[in-house]
Amino acid sequence: MGDRVMIERFSLTERTLHWVHATAFFILLATGLILYVPSLSESVGRRPLLKDIHVYTAVAWAIAIALTFALGDRAGLRATARELNLFDEDDRLWLRRHARPQGRFNAGQKLNTAVAAAFAVLFAVSGFLLWLGERDSTFRFASTILLHDVLTYVSIVLVAGHLYLALIYPATRHSLRGITTGSVRYEWAQRHHPKWLAARADSAAARDAGKQ
Amino acid sequence: MTLEPQHIDEPRAYGRRTFLAVTGVGLSSLVWGQPLWRSLAGLRQPIVNALPPALVPNGWRIYTVASSMPHFDPLTWRLRIDGLVGRPLALSYADLLRLPRAEQVTTFHCVTGWSVKNVHWAGVRFRDLLAGASPAGDASVLTFTSAERPYVDTLTLQQAQLPEVMLAYEMDGKPLRREHGAPVRVVIPEMYGYKNVKWVEQITLGRVAELGYWEQRGYSTDAWVGSNG
């Protein structure tokens, strides 16, 4: 196949989930850092406004995620979750730095998704407790703010790595196109995700066989 | 059809396990996080010292309630002391610095769970500060009005005269910085930070404690460290 042949890697629902998550993350990170780092708190000021933006962005994030699940391609998302969950022998070897063929998601992307999902839950729980603790001292725990902080620090490192691979590193940055337009070049997919193409060909063949 | 050996190896649900493990560790850290963090203080310090101070949170978080922090102009600034006093005062910054100086090293505790150890404060004890105003015999409450409207809070006269309570104008050897309440803030280490009013510009002596800013929002009036606030 030629260089310009494109195939769909991410559905509209998957892309929507990704960008809802990414947009909310960066708004929450920016407002959170201003609330948290003293030099930024002083130079920017407007703490009550920033706090409102931070809290309402979190609420909007949760609603947008729920709406994407409710209105999007749920069967597709379930299939994606299965793909992300299962690590076969090639994935396990890939994580041990062996060059093994990968599916639509490589093992690193699968792990990153699992960690990002867990962090989303933990950010939401600890953030909600911080909000609630201001209103009812029963829910004020000494470790809540520490958890929220540690999640922030680790997220910054993970997102920096994610951005490096998505925007800078030559071998992987083409994947940005997949998460924005949905499609990637066939020849790129063949090099980075050959098992995905093979599985796609198998399911197409099975469909064709079913029609006959 | 025969399967080649490598295909017999079943896929494993590492994704779900990772999700559950990270979520479980995170949620349980609500119980063990703070004790562990404290026990690692010795290891953390060298890392914190190596990083640029402007970017690294130094343990302090700056909480404000208005849209901007008050500016301090040493030429026009006055601290008013009024209410049940024989002689209302309006002290300039220079007047304040001429009063007997007290120093202390104490830990600052915030009600949200963070603390800053060994903060070096310098300032004036309330006994010395109020002496010039001749408080009336029946005055029992001090109301601190912050230049950051609408922040107010109170201490009883008795609380204000506890040993390590002061109106501080220096922190860690330097004049109090803007974000810490320049030029003066209340320091009462035995109580959570919200009682340590920043940007104090008026102290009113009275008989009744009105609810402070956070107390109007459900926080306790006597915010002793160790209580729930």
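Just so we're clear, the structure is a prediction, and the values are computed from it rather than from any experiment.

1. A word on unusual backbone geometry
Residue and element names in this part refer to chain B.
So, point 1. The omega angle of the peptide bond from Arg149 to Pro150 is 0°, so this bond is cis rather than trans.
So, point 2. Tracing the backbone shows Pro150 in the loop between β5 (141-146) and β6 (152-156).
So, point 3. In the Ramachandran plot, Asn118 falls in the positive-phi region, its phi being about 50° despite a non-glycine side chain.
So, point 4. Here Asn118 lies in strand β4 (residues 115-124).
So, point 5. Residue Asn118 is classed as exposed on the basis of its relative accessible area of 58%.
So, point 6. One non-glycine residue, Trp199, lies in positive phi territory at about 50°.

2. Some thoughts on the packing of helix α6 (residues 107-133) of chain A against helix α2 (residues 14-39) of chain B
So, point 1. In the contact formed by α6 of chain A and α2 of chain B, the axes pass within 8 Å of each other and the chain directions differ by 25°. Judged by the angle between their axes, α6 of chain A and α2 of chain B are roughly parallel. The chirality of how α6 of chain A crosses α2 of chain B is right-handed. Across from Leu111, Ala114, Val115, Ala117, Ala118, Phe119, Val121, Leu122, Val125 and Leu129 of chain A in α6 of chain A, the residues of α2 of chain B making contact are Gly15, Thr18, Phe19, Val22, Thr23, Gly26, Leu27 and Leu30 of chain B.
So, point 2. Along the lines of polarity and charge, the residues of the contact of α6 of chain A with α2 of chain B split into 14 nonpolar, 4 polar and no charged.

How each quantity is defined
Counting restarts for each chain: residues are numbered from 1 in the order of the written sequence. The naming scheme follows written order: chains are lettered A onward, ligands numbered 1 onward. Local features in this predicted model are restricted to residues of pLDDT 70 or higher, and side-chain atom pairs are both shown and tallied only at a pLDDT of 80 or more, whereas totals for entire chains, interfaces and linings draw on every residue. Processing note: side-chain calculations cover all non-hydrogen atoms of the structure and skip hydrogens and water entirely. Each helix is a run of H or I in the DSSP string that is no shorter than four residues. Each strand is a run of E no shorter than two, and both are numbered from the N terminus. Burial classification: accessible surface area is computed with a 1.4 Å probe over protein chains only, and a residue below 20% of its type maximum counts as buried, one above 50% as exposed, and the rest as partly exposed. In this analysis an axis means a line fitted to C-alpha atoms, helices contributing only their contacting stretch, and an angle means the value between N-to-C directions, from 0 to 180 degrees. Any angle between 65 and 115 degrees counts as roughly perpendicular, while under 35 counts as roughly parallel, over 145 as roughly antiparallel, and the rest as oblique. Take the far helix as your reference; a near helix turned counterclockwise from it by less than a right angle gives a left-handed crossing, and one turned clockwise gives a right-handed crossing. Contact criterion: two residues are considered in contact whenever any of their non-hydrogen atoms come within 4.5 Å of each other. Residues are sorted three ways: Asp, Glu, Lys and Arg are charged, Ala, Val, Leu, Ile, Met, Phe, Trp, Tyr, Cys and Pro are nonpolar, and all the rest, Gly among them, are polar.

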